[in-house]
Amino acid sequence: MSTEVVLDFSRAASEDDVWVTIRAGLCPNFAEFGANLDALVDVLRGGFGVGTPFKLRILGKDAAKAAVGAGRWQQIETTFDESVAGEFGEDVESVEWVSPG
């Protein structure tokens with residue numbers, strides 16, 4: 001049985017908020033999370049406190065995109081989406097992008 005992780009970016013107002021949300025959801029007991037794309041790939045591989053495999057539900061995409069800028073958000077979103085393919089050994093079973101309403 002896989003674990004479900006919900007990342008809710010709906011209140012994100014800055015890039016720091018986005019990384020705090022990622023850390024809280026994917027590696028809550030790992031204070032040394034690097035808050036960058038390399039660190040995101042690492043935590044998507046598992047082993048940082050979240051049981052694997054896991055499913056991601058992502059809310060507040062528009063708020064996150066506004067907080068970090070369209071270009072930066074595209075990099076983060078692509079990292080999430082590519083994690084399902086397991087290109088780097090990630091243990092993400094699925095990513096569901098939840099729209100408001």
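Residues numbered from 1 in each chain as written. Predicted model: local features only at pLDDT ≥ 70, side-chain atom pairs only at ≥ 80, totals over all residues. Heavy atoms only, no water.

### Let's talk about helix H3 (residues 61-68)
1) Next: Turning to H3, its buried residues number three or more, namely Ala-63, Ala-64, Ala-67 and Val-68. All buried residues of H3 project into a common sector of 115° when viewed along the axis, lining one side. Pointing more than 90 degrees away from the buried face of H3 are the exposed residues Asp-62 and Ala-66.
2) Next: In this structure, the buried residues of H3 make contact with helix H1 (15-26) and helix H4 (70-83). (Buried < 20%, exposed > 50% of the residue type's maximum accessible area, 1.4 Å probe, protein only. Helix = DSSP H or I, 4+ residues; strand = E, 2+ residues; numbered from the N terminus. Arc of directions from axis to C-beta. Contact = heavy atoms within 4.5 Å.)

### A few points about H4
Given 3.6 residues per turn, any residue in an α-helix points the same way as the ones three and four places further on.
1) Next: Taking 1.5 Å per residue, 14 residues should reach 20 Å; H4 reaches 20 Å between its end C-alpha atoms and fits that length.
2) Next: All of the buried residues in H4 are Trp-73, Ile-76, Glu-77, Thr-79, Phe-80 and Ser-83. Down the axis of H4, the buried set is contained in an arc of 155°. They therefore lie on one face. (Expected span 1.5 Å × (residues − 1).)

### Observations concerning the packing of H1 against helix H2 (residues 37-44)
1) Next: The contact between H1 and H2 brings their axes to 11 Å, and the two run at 20°. Between H1 and H2, the angle is such that the two are roughly parallel. The crossing of H1 and H2 is left-handed. Contact residues: H1 offers Trp-19, Ile-22 and Leu-26, while H2 offers Leu-37, Leu-40, Val-43 and Leu-44.
2) Next: Within the contact of H1 with H2, the residues separate by chemical class into seven nonpolar, no polar and no charged. (Axes fitted to C-alpha atoms, helices over the stretch in contact; angles between N-to-C directions. Parallel < 35°, antiparallel > 145°, perpendicular 65-115°, else oblique. Left-handed = near helix turned anticlockwise from the far one by under 90°. Nonpolar A, V, L, I, M, F, W, Y, C, P; charged D, E, K, R; others polar.)

### Quick word on the confidence of the model for the protein chain
1) Next: Per-residue confidence for the protein chain gives a mean pLDDT of 89; residues scoring 70 or more make up 97%.
2) Next: When mean pLDDT is taken per element in the protein chain, H3 scores highest with 96 and strand E3 (residues 92-98) scores lowest with 89. (pLDDT = per-residue confidence, 0-100.)

### As for the sheet that holds E3
1) Next: Ordered by their spatial adjacency, three strands build an open sheet running E1-E2-E3, and the pairing between neighbours is parallel. The open sheet terminates on both sides in strands that have one partner only, identified here as strand E1 (3-8) and E3. The sheet shows a mean angle of 20° between the axes of neighbouring strands, taken without regard to direction.
2) Next: Direction of pairing for E1 relative to strand E2 (residues 54-59): parallel, over a ladder of six bridges. Paired with Val-5 across the bridge in E2 is Leu-56.
3) Next: H1 rests against E1 and E2 of the sheet, and its axis sits at about 165° to E1. (Pairing = 2+ DSSP bridges.)

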